[in-house]
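# Analysis of the macromolecular model
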Amino acid sequence: MASFLILGAGKFGLLALKRLSALDPEAWFVVVDHQAAALARAHSLGMPRADLVEAPAIDYLAAHLGPEAPWEWLIPMVPAHVAYAWLLAGPLAGAGWGPMEVPEELKDLAALVIRGADGELYLSRATHVCPDDCAEPEVCPITGEERGQPLYQKLADASRPELPLLVVASRQLAPGVGGYAPGKLVELADAVTAAPGPLLVATACRCHGVVHGLQRQGE
């Protein structure tokens, strides 16, 4: 029996709940959202093995994620870079870390790149809207193009000794549903706290990703 923490009960959080439960009817779920209306829609699906929690997703994760996580898989379905936000809210809280602009050179890794308000980069190898049940095939089902090296590997290869790039790779668990083991975040936190200077933190699947910069304040 698998266990999943789904952060977010919006459109894609509910898709994850439905698709993962269809693959494993014995699976156990915890679904977290700060909006009661979103949780009501999740409740209407009638899934007795889903615990619904009304709370801000990142705050819940910061309060409950530790070395012995109670879930096997974490499914991030909120409009935030969960790994980065969790670091600042949890392991790095009060430790003097803050955002840093991601270098321009990473823009060459994807066809579509958008810079965010904190200097982060959102990257996509697709310039079209992807189907919500894409299975991440080697050949894009929309354009017919071969995808080649996954984006998460391209990002990992861009790491440098003077600016490490730590990547959490998202694994596809159902069509259109990606996630990772919670322990990957614990490993990420260990690597970040051991770093002497600025670094980059990314989460990515084969085709899409986000990269945030972190530095100690005053650097």
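Going by the structure above, here's the rest.
Quick look at the structure, then. (Residues numbered from 1 in each chain as written. Predicted model: local features only at pLDDT ≥ 70, side-chain atom pairs only at ≥ 80, totals over all residues. Heavy atoms only, no water.)

## Some words on the packing of helix α4 (residues 82-89) against helix α6 (residues 183-194)
Where α4 contacts α6, the two axes come as close as 11 Å, and the packing angle between them is 60°. In terms of orientation, α4 lies oblique with respect to α6. Seen from above, α4 lies across α6 with right-handed handedness. Note on element contacts: α6 touches α4 through Leu185, Val186, Leu188, Ala189 and Val192, opposite Ala83, Trp86 and Leu87. Here the residues of the contact of α4 with α6 are counted per class, giving 8 nonpolar, no polar and no charged. (Axes fitted to C-alpha atoms, helices over the stretch in contact; angles between N-to-C directions. Helix = DSSP H or I, 4+ residues; strand = E, 2+ residues; numbered from the N terminus. Parallel < 35°, antiparallel > 145°, perpendicular 65-115°, else oblique. Left-handed = near helix turned anticlockwise from the far one by under 90°. Contact = heavy atoms within 4.5 Å. Nonpolar A, V, L, I, M, F, W, Y, C, P; charged D, E, K, R; others polar.)

## Let's talk about the sheet that holds strand β3 (residues 50-54)
Pairing within the open sheet is parallel, and its 4 strands lie in the order β3-β2-β1-β4. Of all the strands in the sheet, the pair left with one neighbour each is β3 and β4 (73-76). Averaged over all pairs of adjacent strands, the angle between strand axes in this sheet comes to 15°, irrespective of strand direction. Relative to β4, strand β1 (residues 3-7) runs parallel, the two sharing 4 bridges. (Pairing = 2+ DSSP bridges.)

## Things to note about the nonpolar core
The biggest cluster of nonpolar side chains holds 29 residues, and the ones touching the most others in it are Leu5, Leu61, Leu87, Leu185, Val192 and Leu214. Sorting the residues of this core by element identifies β1, β2 (28-33), α3 (57-64), α4, α6 and β11 (199-204) as the ones contributing at least two each. Per-element accounting of this core gives the leading share, 5 residues, to α4. Contacts of Val192, omitting those with residues within four sequence positions, involve Leu87, Leu92, Trp97, Leu166, Leu199, Val201 and Leu214. If you look at the next biggest cluster of nonpolar residues, it comprises 21 residues, including Ile6, Leu17, Ile75 and Met77. (Core = buried A, V, L, I, M, F, W, Y, C linked by side-chain atoms within 4.5 Å. Buried < 20%, exposed > 50% of the residue type's maximum accessible area, 1.4 Å probe, protein only.)

Read these as spatial facts, not as claims about activity.
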